[in-house]
Every structure is written in C-alpha cells, then in structure tokens.
Amino acid sequence: MLSADGGGSVTATSQTSPVDHGLSAQIASQVATQVTPQSEAQRVTSQTDDRAKAQAFATAYNAAPADQREALVREVFAKDPEALNGWLNPESVNTLVKDGWLTDNERAGLAEAVALGFNKGAIPIEPGQAAYSITTSLAFDQIPVQNTGLAPHQEVDGLPAAYQYADNINQFLEFFGSSPSPEVAAFRENYANHLIDTYVDNPKQQNYDVRDAAAHFATQILADRAAPRELASQVLFDRYGANPEGFRAFAQYAAQGGLYTSEPYLQGITEMWGGDEQASRYAIDDPVIALAQAADGYRGNVPTHLVPPLATEASNWLATELTGLIANPPELSNTHESLATTERTQAITGAFVSHADAVLDHFTNPDVESEHYRDTDMNQWQYNLDTFSGFLQRTMFASDVIGGAAVRDKVLDYIGDQRAIVESGTNPGNLSEQRIALLSATTVEAVRNIQSDIAAEKAEREELIGFTVDLALTALPLPSKANDAVTGALGQLFGAGPIGTAVKDFSGQLVDAGTGRLTDEAKAWLTEHATPSEAQLLDAYTAQDGLTAATVTLYEQQSRNPAIGPELADDYQDIVSAYNIYNNWADTR
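Residues numbered from 1 in each chain as written. Predicted model: local features only at pLDDT ≥ 70, side-chain atom pairs only at ≥ 80, totals over all residues. Heavy atoms only, no water.

Enquirer: Explain the pattern of salt bridges to me, please; I cannot follow it from the model alone.
Expert: Pairs can form between side chains of opposite charge whenever their charged atoms are close. Inspection of the entire model under this criterion finds 20 salt bridges. Between Arg74 and Glu70 there is a salt bridge whose closest N-O contact spans 3.0 Å. One end of the pair, Arg74, and the other, Glu70, are both in helix α4 (residues 66-79), 4 residues apart, so they sit about a helical turn from each other. A salt bridge links Asp470 to Lys523, with the nearest nitrogen and oxygen atoms 3.6 Å apart. Remark: Lys523 occurs in helix α26 (residues 520-529) and Asp470 occurs in helix α23 (residues 458-475); sequence separation between them is 53 residues. For Asp470, a relative accessible area of 3% gives the class buried. Since its relative accessible area comes to 33%, Lys523 is described here as partly exposed. Taken together, the shared-partner salt bridges connect Lys98, Asp104, Arg107 and Glu174 into one network. (Salt bridge = Lys/Arg side-chain N within 4 Å of Asp/Glu carboxyl O. Helix = DSSP H or I, 4+ residues; strand = E, 2+ residues; numbered from the N terminus. Buried < 20%, exposed > 50% of the residue type's maximum accessible area, 1.4 Å probe, protein only.)

What follows is the structure, given as structure tokens:
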C-alpha cells in the first residue's frame, strides 16, 4: 500500500516458521499473566521487525479482555503513530496471511483493532495541504490523494501507478473484509463519511480528481460485498435523503473516479506499459453498479437466492434516486459520456424491479410541493412525470436492456393494485385515482417520445402491442376474464383499429387464468395480425392512442355504465379528468 512517504513494504527478518509460529504461543501465555495495555503495547512496538510486530499485536488484541482493547490500541498508536504506514498497513498484513505468517483470525483481529482506533479517535490525524487540495496524515487518505498526483503509467513499486492505485483499494477491502465485526461495520460508515466530509462535500477542497477518487473509494467501502447488506443505502440515505441533488452529484463523482480502476482503462495502461499485468485481476467494480446492487442488499456475502431484496426506507430511497439518474443522467466530465451506460442502466433496472412499489409510489405522487421542485421550473407531479417517463423511455422497450418486460409487468401490477384500491372504496383523498392517471399519462408520454424507434423495430412493436392489450386487461373492471367478455370489451374499446380487429378474429385462449393477461398464443396472434402487410402499428393506430384507450378511454366508458353505481362512476371520471390535466401538460410543454 502507498504510505504517506511512498513506502509501505514488508520487512521480515525473523526466521520463525510460518506454520505454528512460536511467537504467538509465547505472547498468548504472557498476555494471560500480563494484561496491562501499556505493557502489551510496549511488547508489540519493541519487536525487532515488522512481521513480529504484526504477530504480537494480533495475538495481544485477540487475547485482551474486551474492556481493555481500546486502551491497548491507544497505547500502540501512541508509541508508533506511523504503524499504518508500515507494519500495520493492509498490504503488509495481507501479505503475511498469504505467506502463512498470520492466520485469518489474526488478520481479522488487526482489522478490528485499526477500526476501533479510528472509531475512537486513537489514530492521530493531522490536516495538511496537497496540490489544490487538503489532505491528512491518515495513511488511508493517501489512496485517493496520492493517486491523483501520479501519471497513470508512472512506475510505483514495480507497477504502473494506475495498477498500484487499484491494488491499494483492493488491499484495503481485503483487509477490512476479513472481519465481520460491528466495530469494522462502524468503521466503514465513519471512514466513508470522513472521506466525503473531507474531500467530496468540502468546498475548501478544490482538486476535483481527489474529489472523484474519494467518492469512488467511499462507495467501494460502503458497498463492499463483505459489508452489512443495508450499510450503503442507510449511510447515503442518512447523508443525502433530504438533499437529492447532493446524492446526484456524489454518484456522478464516484462514476468519474471509477473510470481509473475499470478493466478497460487498466487494460489500456497495460498496452501502454508494455507489460503483462492482468487488468481483470486489479479492476474495481463500477461504483454505480455497486450502488444498484447495494439497494437490493446483494453486495453482501449472503447468496441472493436465499434472501429477499432489502425493503427498508433507505433502500427504497436509493433505488428511487438511481431510477432518476437513468431518466436524466449527468455527463461525466472525464469521458464526456452519459452516466447511464447500458451496464449501469441494466443494474439500476434490476433495483427498480425489486423496489417497484416504493419507486412508483414516489413517481406517482400527485402533490404540488413547490413551484420550483428540485430547482426546476416544474412542480412535483410535473417533475415526477417527466423523470419517470425518461426512465420508461430508456428501459421499457429497449433492446439493449434486459428487464424491459419486468418493468412493463411492474407498471401493470401497480395499475392493477391501484384499481383494486379504487374499487374497494378504501381510497382516502382519491390518491389511487391520481396515481392511475399520472402513471397512465407518464406511460403515454414515454411512448410518445420513442414512437419512431418503436416503429422501426419489429420486436419492440410486438412488445408494445402485447403491453397495450395487457394494460387494458389490467384496468378492465370485469367480474370475469372469460374469452367472450374480454373479447367484447376489448373490441368495443379498440374499435375498428388493428388491435381491435385482431382480438375479434382470435379464436384461441385469450387470457391466462393465472395472470389475467394475454396468453403467449394470443400475443403471437396479435403480433402477426395487428400489423398486416408490413403496415406499422403507428401508421394505422398510434401507439399513444392505443395506450390511452387501454386506460383512460376504458374508464370513461365504464363511468357511463349504470351497473357500477354512482360512487365508482365518479372515481372513474376522476381518473379521466386527472389524466387529461397530466397529459395536456406533457403534450404541450
């Protein structure tokens, strides 16, 4: 690991065998009779070489009573303030484990000891000045700070600087990943906040490369697979829950910082360097993808098929904010490309699917919170419509994003759930009617903006036809989904257009009894017969008109049905009226 003076190599002069090293047994015996933190710290720091110091500290810390560990750590760092720059830095300790001089349990003890030292303020941290920036004496801070002052291909300890930087992060994560203790979990939170406070959100810090590197490093610490599965979402929610623009900036900075540890970037350095370094061995996970996975809690060590996604307020918030990033992604300053790459969009789509109800609750909130919501010229429902429409445009029918069908299913499920609430009569403040109207207008707005793309792609036209009819089936207030009833209702709804005609001509099983949606057989028929003779769907029956008919026209028709009663008729009219307001704004802005 890079230390403050560029050192950090392991010096090992003792010839003790790595198998069952006698020093540990000796110290363990002494600890049993001498438990004074001062004497143990003296014993640790007076060892003759770095390896012996690490062994002595690990044994002393693991053997010390819980109520004496903090005092022991304080004494060790008081006697050797530079320990993290030498014998106690992560690379040194990890190397001792690989070479057999320390056990995994001893490394875990050292990681907990360092974490405790930071959490309790026992590790000296002095502020300093770096180029265009601030810095501190803390060895770990040199990972983002020193890296930005080096050319990527400059040699550092036998590696290109870019590789050494990535290796420093990997060594750090491996070291602290060795201990699942609450102390280390608290350290992750505290140190990540230290990085953000000092280098990311600090207006006195003017080195933007350091800012980006620190945001990237903080993300990896919080979203590490060895971290508690709720940690990243909770820490970021606590910090940015009331400051969404702050989170947006943080995510952008982290993405910019992540470029320099990505596999393609490192591979380019290998080719420039002319060596044989393996980029995949050193590359760090993309920070935005890591956050999307962390929203589900899948960055932890628990197998994903054994646990459900996280469903906390914090994880729902993180999934919602990431969804908004796809809708309106910032441009990254160092690549001049959108943050919403296909890979990141894919990961965030997965987070949306896992948290769809909470995300849709947010984006179908009809409240007018302010006239300049989130520093825009829109109020809240306008911002919600605009933002979520952008997400649907990018995902719902996209051929390059796996999960478009799942996004469409979540929209259908949500409208169906809200319809059930309306019809149950337990709908205070007509909120569900507003949600149906706003989501319908948002969906139409999304399709309106990608009509030409859909028309040009046969697969997307097929998906749109099936989705349009499924949307009508979801909203259709029929007591029975039997073929005759559905065929008649859809025929009346879609009239003489290609969809209505194809439905009437279909003689097979139209609706799946389990899902209440089109059968695969029916979808195949509609795909073939709703766009005859190469006539595109949009030429004969515009996509947005089809989607409008699937909800708004349907509710308008049903509001005139005397069989449903005056109360439900009013509810349906409320949906139509609200939709017209939302859609007119979207259509004319």
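Enquirer: Help me out: how do you make sense of unusual backbone geometry in this one?
Expert: If a residue is not glycine, its phi is most likely negative; likewise, a peptide bond is most likely trans. Phi is positive for His336, which is not a glycine, with a value near 60 degrees. Within the element layout of this structure, His336 appears in the loop between α16 (313-327) and α17 (342-354).

Enquirer: Where do I start with the packing of aromatic side chains in this structure?
Expert: For any pair of aromatic rings, the description consists of the separation of the ring centres together with the inter-plane angle of the planes. Overall, the coordinates contain 30 aromatic pairs when judged by the stated rule. Aromatic pair Phe352 and Phe388: ring centres 5.8 Å apart, planes at 45 degrees, arrangement tilted. Of the two residues, Phe352 sits in helix α17 while Phe388 sits in helix α19 (residues 380-395), which places them 36 residues apart along the sequence. In terms of burial, Phe352 and Phe388 fall into one category: buried. Pairwise contacts between aromatic rings join Phe118, Phe140, Phe172, Phe175, Phe176, Phe187, Tyr191 and Phe217 into one cluster. Just above the ring of Trp101 sits the side chain of Arg51; from NZ or CZ to the centre is 3.6 Å. In this structure, Arg69 is placed above the aromatic ring of Tyr61, and the distance from its NZ or CZ to the ring centre is 4.5 Å. (Phe/Tyr/Trp six-rings, centres within 6.5 Å; stacked < 30°, edge-to-face > 60°. Lys NZ or Arg CZ within 6 Å of the ring centre and 35° of its normal.)

Enquirer: Is there a simple way to think about helix α29 (residues 566-588) in this case?
Expert: Side chains of residues three or four places apart in an α-helix project in the same direction, reflecting 3.6 residues per turn. Between the first and last C-alpha of α29 there are 33 Å, a value that for 23 residues agrees with the 33 Å anticipated at 1.5 Å per step. When α29 is considered as a whole, its buried residues turn out to be Leu568, Ala569, Asp571, Tyr572, Ile575, Val576, Ala578, Tyr579, Tyr582, Asn583, Trp585 and Ala586. (Expected span 1.5 Å × (residues − 1).)

Enquirer: I'm lost on the nonpolar core in this one. Help?
Expert: Nonpolar side chains tend toward joint burial in soluble globular proteins. Within the largest apolar cluster, 169 residues are counted, with the highest numbers of intra-cluster contacts made by Phe57, Leu88, Phe172, Phe176, Tyr191, Phe247 and Leu490. Beyond its immediate chain neighbours, meaning those up to four positions away, Phe57 contacts Val44, Leu72, Val73, Val76, Trp87, Leu88, Leu110 and Ala113. (Core = buried A, V, L, I, M, F, W, Y, C linked by side-chain atoms within 4.5 Å. Contact = heavy atoms within 4.5 Å.)

Enquirer: Could you clarify how one ought to interpret the confidence of the model for the chain in this entry?
Expert: Per-residue confidence for the chain gives a mean pLDDT of 85; residues scoring 70 or more make up 86%. Within the chain, no element has a lower average pLDDT than helix α27 (residues 537-540), which sits at 42, and none a higher one than helix α6 (residues 104-119), at 98. Below pLDDT 50 for its whole length, residues 1-17 participates in 48 contacts with residues either more than four positions away or in separate chains. (pLDDT = per-residue confidence, 0-100.)

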